[in-house]
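The chain contents come next:
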Amino acid sequence: MLIGLLSDPHANLPAVEAVLTDVETAAPDVLVCLGDFVGYGAQPNEVVEALRDRCSVCLAGNHDLAALGRLDVAAFNPFAAASVAWTADHLAGETERFLAGLGSRTQFEGIDLAHASLRDPVNEYVFDEEIAQANFDADPFEVAVVGHTHVPRLFVQAGEQVLAYQIEEGLATDPTGGGLLGKIRLLINPGSIGQPRDGDPRASWGIWDTEGRSLRLRRVWYDVEQAQSSIRAAGLPDLLADRLAAGW
Ligand code: ZN
């Protein structure tokens with residue numbers, strides 16, 4: 001089974017639409033979305049509507065929970081906090097009810113899914129080997145997929161060690177040398193649809209093949225200017241529009 005891995009669409013409708021068009025081309029069997037449907041972007045209701053019925057699994061991210069008033073924004077930077085306040089004011093009742101029904105961690109087709117990390121599904125950022133190692137040690141997963149950092153990355157357990165690799169567009173090869181990805185425990189981050197932060201402004205998503213145990217990362221151009229215009233027209237901080245062009 002080919003599982004389309006979507007994460008962090010962040011109310012960016014042009015990016016979501018471009019990815020859903022690419023989904024038609026790549027034709028995974030199912031889609032999962034790891035959360036942060038809302039926050040930062042200006043079209044939260046439209047993004048939820050575009051994704052909710054397409055995805056077999058939907059998880060809630062920290063921005064979703066903050067917009068529902070279920071997570072304290074004290075740890076958010078001022079721009080993120082401003083977008084949470086704006087989003088809370090603009091969520092349709094139907095969107096709120098949908099987001100309120102989501103959990104932040106589950107299992108699906110033999111893989112573990114969480115918004116942020118296995119040991120802290122809402123808040124922990126898995127950026128480096130040390131945090132990844134703690135997650136490998138805390139949980140017996142074989143293959144896990146998380147979002148939250150907005151940076152596509154692959155963590156592999158090789159013997160006692162956990163190694164981190166930034167992944168590029170295309171098929172990921174076994175970074176420990178030649179073999180199949182299936183030989184090793186993996187923690188995958190497919191990057192962000194709506195606010196990529198790896199210096200590449202293109203929307204990012206991935207495909208995990210459960211039988212072939214392969215990972216393919218896809219990057220998709222979308223109408224960045226349209227997303228920026230709607231952010232500015234909504235009165236959200238300019239920085240949230242500016243950063244989309246640079247992919248950070
Ligand atoms: Zn996010």
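Conventions used here
- Residues numbered from 1 in each chain as written.
- Predicted model: local features only at pLDDT ≥ 70, side-chain atom pairs only at ≥ 80, totals over all residues.
- Heavy atoms only, no water.
- Helix = DSSP H or I, 4+ residues; strand = E, 2+ residues; numbered from the N terminus.
- Buried < 20%, exposed > 50% of the residue type's maximum accessible area, 1.4 Å probe, protein only.
- Polar contact = N/O pair within 3.5 Å; in protein donor to acceptor, adjacent residues only side chain to side chain.
- Contact = heavy atoms within 4.5 Å.
- Donors = N, O, S within 2.8 Å, 3.2 Å for Na, K, Ca; no water.
- Tetrahedral: all angles 85-135°; square planar, octahedral: opposite > 155°, others 65-115°.
- Pairing = 2+ DSSP bridges.
- Axes fitted to C-alpha atoms, helices over the stretch in contact; angles between N-to-C directions.

Caption draft 1: Structural view of the side chain of Thr95. Tracing the backbone through its elements, the reader meets Thr95 in helix H5 (residues 93-100). In this structure Thr95 comes out as buried when scored by relative accessible area, which is 4%. At a separation of 2.5 Å, a polar atom in the side chain of Thr95 contacts the side chain of Asn45. When residues no more than four places from it in sequence are discounted, the contact partners of Thr95 are Pro44, Asn45 and Val48.

Caption draft 2: Region of interest: the coordination of the zinc ion. At this site the zinc ion is bound by Asp8 (OD), His10 (NE2), Asp36 (OD) and His150 (NE2), with donor distances of 2.0 to 2.4 Å. Metal-centred angles of 91 to 176 degrees between the four donor atoms at the zinc ion mark the site as irregular. Mapped onto the polypeptide sequence, the residues donating to the zinc ion form the spacing pattern D-x1-H-x25-D-x113-H.

Caption draft 3: View of the side chain of Arg202. Relative to the assigned elements, Arg202 resides in the loop between strand S10 (185-189) and strand S11 (203-209). Residue class for Arg202 comes out buried when judged on its relative accessible area of 16%. Polar side-chain contacts of Arg202 include one of 2.9 Å to the side chain of Asp200. Look past the residues within four positions of Arg202 in its chain and what remains in contact with it is Glu169, Pro196, Arg219, Val220 and Trp221.

Caption draft 4: Layout of the sheet that holds strand S4 (residues 105-108). The sheet built from six strands is open, its strands ordered S4-S5-S6-S10-S7-S8 with mixed pairing. Edge strands, defined here as strands with exactly one partner in the open sheet, are S4 and strand S8 (161-166). Within this sheet the neighbouring strands show an average axis-to-axis angle of 20 degrees, counted without direction. Strand direction decides the pairing type here: strand S7 (residues 153-158) and S10, joined by five bridges, are antiparallel. What sits directly across from Arg153, in S10, is Asn189. Sheet contacts for helix H6 (residues 129-138): S7, S8 and S10; angle to S8, the most-contacted strand, approximately 125 degrees.

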